[in-house]
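Observations on the three-dimensional arrangement
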Amino acid sequence: MSAEDLVPPVIELAAVHRTYPGPPEVTALHPTNLTVRRGDYLVVVGPSGSGKSTLLNLLGLLDRPTGGSYRLDGVDVSGLPERDRTALRGGRIGFVFQAFHLLPHRTALENVMLAQIYNGTPRSARRAAARAALSQVGLDHRTHALPTTLSGGERQRVAVARALVTAPALLLCDEPTGNLDSTTARRLLELFDSLHAAGLTIVMITHSAEVARRAQRIVTISDGMLREGGRAEPAPAGAPT
Amino acid sequence: MRWRRDRRVPERSTLGVRDLAAEATAGILQRPARSLLTTLGTVLGVGAFVAVLGLTSTAAGQISSHFDALKQTTVTVTDVGDGRERDKDAPAPVAFPGDADQRVTALNGAVGAGVFWPVSLSKPVIGASVAVTARSSGNAGDLPVYAASAGLFGAIEPTVRVGRVFDRFHDRRGERVAVLGAAAAARLGISQLHAQPAVFINGAAFTVVGIIDDAERLPELLLGIIVPRGTAERMYRPPDPTISPAQMVIRTRLGAAQLIARQAALALRPDRPDLLQATPPADPHQLSDSVSGELTGLFLTLAAICLVIGAVGITNTTLVAVLERVGEIGLRRSLGARPRHIAAQFLTESTVLGTVGGLTGTALGVGVVLTVALVRDWTAVLDPATVLPAPLIGSVVGMLAGLYPALRAATTEPLEALRR
Ligand SMILES: Nc1ncnc2c1ncn2[C@@H]1O[C@H](COP(=O)(O)OP(=O)(O)OP(=O)(O)O)[C@@H](O)[C@H]1O
Ligand SMILES: [Mg+2]
């Protein structure tokens, strides 16, 4: 038994597959086994249409698998009613989307606080936590800015802060650098590196090899089939054991 | 910094009332101009509703106002004669018997009654002194002279400014006393009674016993000199029913006027009721009903149509908002919102829009009623039972209007919503 087997898994997929009922029927994800442990930084690379988003939606409880079992943070979520899946989604998963999905009429702070509405955070505790999350992504100085006045990189940082403010077990990112230029993208990836170093579990999908190179662990996907792409580097020293 | 996280995860997603209100308000204020326009239909509908009901009750309320109360408690009986008294030299006496006042006040519902007629004088000379002649400037010959029974003062309830009014004994004994109307007194230059002033009518002196004012049931009396009917009957010709007939004014209790009008002629002249004609006041119920009934129905229908238009407007706006904010819906679902939270948010937005419309409409409707009342010098009558729940009509309209958009929002698949 290796040391890393003692780290509890955040994601355990066993023979999970997803077939979109047609016509024509599309098997976007073939039966897949995947384990992601706490503190892992996993990147899924694959060409367009290979099934990356399908996988991420299943992991994020936005979609149900056609078959197989999924344990999230120790909870078997395959058979859970929608109500409980929604609560888990709000409480244990943070999402970062390619298109940011910020509300245009709310300030950065208000956008971050939006994540606290549904998970039962008391109103009195919200502002401080949201400010802390914004400072964590390096946006202390722009808390009251509207998204329209922020740069692309800053907007994505607000989205990251919003994902982090609920202290999730897992951060899911769907092409987070897709709408950013390479310099801005690099600085955002540095942020993810530091979050990873602090122990956050991250699963990111991308079709950029350059982005993939920074990750601790790479998985490639093509035509709905997952293949372990090897480890880029050993787990960072700060990862929990 | 080390990444730490809280192991406590809520069993289910929540959405507090204050958060719901805040989110809905933010959604509305996001597009203030559109929200304002959306409420217009509801504003008009609720406004029309309040205005119509307010105006109806205000108009109906005027029936019970002071002026109408007078009209509704006054019955007039006129001596119409029988058409045979054309004989200029020996005209028939007035049809009202000497005890006319007592006969009528004995009827149940009659409070006071009195007879009066204008005394016909040819080329009268009237003045405050015996020296006044037809040519002198003090001649007030154009002042009317009225004969009145003592009961008339009880029927018309004037204010006695100075002195007193004459009574049944003056009347029966035919005494030469006079009561002056305020205007006539001013004309004759009489304001005090210390010096026991008299008025001279064609040389005959009448002692002034009092001056009256404010005779709302018979204001023309204030312009004249009033002498007892018994005195007038002895001194002057009876009036011609075809020109200036004798009349009786009866003051009744509220609601008794119609009944008294039917009974008066027979009570006064059981032998010849046809000589007298009683005129009751217009029936107040018939009046207000015929005026407002059809119009109220029409306007309420218009108000209902406005409300339907308002509802369609809110539905439309909310639906557009749902379609525009699909991305937001997807995001909220990814943040743990349940379909019912999404539905509640949009339903609250539409309900708030409807409520704002309802409040504005109510204020507008009340304003219309107050303005009309002010312009027409009416007392505005607003029933709290219609005004207070009126904003709720807006809320209900807004809520119903939001049902379909809210359902659409709640059933939006988060996956599809996030793909945008
Ligand atoms: N709702 C759906 N119904 C039917 N087929 C679908 C549906 N969603 C995805 N697919 C198909 O499943 C396959 C995988 O799609 P997916 O969106 O997971 O690809 P992807 O790797 O995310 O691609 P991209 O990089 O372009 O985002 C594709 O062939 C796609 O056409
Ligand atoms: Mg994709």
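See the structure above.
Cut-off values and rules
- Residues numbered from 1 in each chain as written.
- Chains lettered and ligands numbered in written order.
- Predicted model: local features only at pLDDT ≥ 70, side-chain atom pairs only at ≥ 80, totals over all residues.
- Heavy atoms only, no water.
- Near = heavy atom within 4 Å.
- Polar contact = N/O pair within 3.5 Å; in protein donor to acceptor, adjacent residues only side chain to side chain.
- Areas by Shrake-Rupley, 256 points an atom, 1.4 Å probe, with all protein chains shown as cover.
- Helix = DSSP H or I, 4+ residues; strand = E, 2+ residues; numbered from the N terminus.
- Buried < 20%, exposed > 50% of the residue type's maximum accessible area, 1.4 Å probe, protein only.
- Contact = heavy atoms within 4.5 Å.
- Buried area = accessible area lost by both parts, 1.4 Å probe.
- Salt bridge = Lys/Arg side-chain N within 4 Å of Asp/Glu carboxyl O.
- Pairing = 2+ DSSP bridges.
- Axes fitted to C-alpha atoms, helices over the stretch in contact; angles between N-to-C directions.
- Expected span 1.5 Å × (residues − 1).
- Arc of directions from axis to C-beta.
- Patch = residues over 30% accessible without salt bridge, like charges linked within 9 Å, V, L, I, M, F, W, Y side chains within 5 Å.
- Phe/Tyr/Trp six-rings, centres within 6.5 Å; stacked < 30°, edge-to-face > 60°.
- Core = buried A, V, L, I, M, F, W, Y, C linked by side-chain atoms within 4.5 Å.

Description of the site of ligand 1
All names here are of chain A. Around ligand 1, the surrounding shell consists of Y20, V26, A28, P47, S48, G49, S50, G51, K52, S53, T54 and H207. G51 places a polar main-chain atom, nitrogen or oxygen, 3.0 Å from an oxygen atom of ligand 1. A total of 630 Å² of accessible area belongs to ligand 1 in isolation, and the protein chains cover 62% of it. Listed by contribution, the elements that provide at least two residues to the shell around ligand 1 are β2 (26-37) and α1 (52-59).

Description of unusual backbone geometry
All names here are of chain B. In the Ramachandran plot, Q196 falls in the positive-phi region, its phi being about 45° despite a non-glycine side chain. Under the relative-accessibility criterion, Q196 is labelled exposed at 65%. Positive phi is not limited to glycine here, since N202 has a value of about 50°. If you trace the backbone, N202 turns up in the loop between β7 (198-201) and β8 (204-213). In this structure N202 comes out as partly exposed when scored by relative accessible area, which is 41%.

As for the interface of chain B and chain A
In this assembly, 36 residues from chain B lie in contact with 40 residues from chain A. The contact between chain B and chain A buries some 3,600 Å² in all, and 55% of this surface belongs to carbon and sulfur atoms. Summed over the shared surface of chain B and chain A, the result is 3 salt bridges. For D19 of chain B, the salt bridge identified is with R126 of chain A, shortest N-O distance 2.7 Å. Between the two partners, chain B and chain A, sit 7 residue pairs in polar contact (both at pLDDT 80 or more). Secondary-structure elements contributing two or more residues to the side of chain B that touches chain A are α1 (17-29), α11 (326-334), α12 (339-375) and α15 (414-419) of chain B. A per-element tally of the side of chain B that touches chain A places α11 of chain B first, with 6 residues.

Quick notes on the pairing of strand β6 (residues 177-181) of chain B
All names here are of chain B. Buried residues dominate β6, accounting for 5 of its 5 residues. Residues V177, V179 and G181 of β6 are buried on one face, and the alternating residues A178 and L180, pointing to the opposite face, are buried as well. Across 5 bridges, β6 lies against β8 in parallel orientation. Opposite L180, over in β8, you have I211 as the bridge partner.

A word on the sheet that holds strand β1 (residues 9-20) of chain A
Within a sheet, adjacent strands bond to each other through the backbone by hydrogen bonds, running parallel or antiparallel. All names here are of chain A. Spatially, the 4 strands line up as an open sheet ordered β2-β1-β4-β5, and their pairing is antiparallel. Unpaired on one side and paired on the other, β2 and β5 (75-76) mark the two borders of the sheet. With 5 bridges connecting them, β1 and strand β4 (residues 67-72) associate as antiparallel partners. Bridging across to β4, H17 finds its partner in G67. Running over the sheet, α1 touches β1, β2 and β4 and is turned about 125° from β1.

Some points on the pattern of salt bridges
Under the definition given, this model contains 30 salt bridges over all chains. Of the charged contacts in the structure, one is a salt bridge between D193 of chain A and R214 of chain A, with a shortest N-O distance of 2.7 Å. Pair noted here: D193 of chain A is in helix α6 (residues 182-197) and R214 of chain A is in the loop between α7 (209-213) and β9 (217-222), with a separation of 21 residues, a long-range link. Taking the relative accessible area as the measure of exposure, D193 of chain A reaches 23% and is therefore partly exposed. Where D99 of chain B meets R103 of chain B, a salt bridge forms, and the shortest distance between an N and an O atom there is 2.9 Å.

Comments concerning α1 of chain B
All names here are of chain B. Taking 1.5 Å per residue as the helical rise, α1 with its 13 residues ought to reach 18 Å, and the 18 Å between its terminal C-alpha atoms agrees with that figure. Buried residues of α1: D19, L20, E23, A24, G27 and I28, and no others. Within α1, the buried residues cover an arc of 170° as seen down the axis, which keeps them to one side. Structural note: α1 exposes R18 and L29 on the side pointing more than 90 degrees away from its buried face.

Re a nonpolar patch on the surface
Together, L298, F299, L302, I305 and I309 of chain B line one region of the surface with nonpolar side chains, adding up to about 470 Å² of accessible area. When you line up the elements, L298 of chain B lands in helix α10 (residues 284-324).

Notes on the pairing of strand β6 (residues 93-96) of chain A
Residues and elements named next belong to chain A. Burial along β6 is two-sided: I93 and F95 and G94 and V96, pointing in opposite directions, are all buried. Sheet topology note: the β6/strand β7 (residues 170-174) ladder contains 4 bridges and is parallel. In the sheet register, V96 faces β7, and the bridge partner there is C173.

Observations regarding helix α4 (residues 123-136) of chain A
Residue and element names in this part refer to chain A. Taking 1.5 Å per residue as the helical rise, α4 with its 14 residues ought to reach 20 Å, and the 21 Å between its terminal C-alpha atoms agrees with that figure. For α4, the complete set of buried residues consists of R126, A130, A133 and L134. Buried residues of α4, viewed axially, fall in a sector of 95°; they line one side. Exposed and facing more than 90 degrees away from the buried side of α4 are S124 and A128.

A closer look at the packing of aromatic side chains
Going through the model one piece at a time under the given rule, you end up with 3 aromatic pairs over all chains. Judged by centre distance (5.7 Å) and plane angle (0°), the rings of F95 of chain A and F97 of chain A are stacked.

Concerning the nonpolar core
Most often, soluble globular proteins keep nonpolar side chains buried together rather than apart. I11, Y70, L134, V160, F192 and V203 of chain A are the most contacted members of the largest nonpolar core, which totals 89 residues. In this structure V160 of chain A touches V96, V137, L188, L191, F192 and L195 of chain A, once residues within four positions along its chain are discounted. Judged by nonpolar contacts, the second largest core, of 47 residues, contains A100, V115, A178 and A256 of chain B.

Without other data, these values stay purely geometric and don't point to any function.
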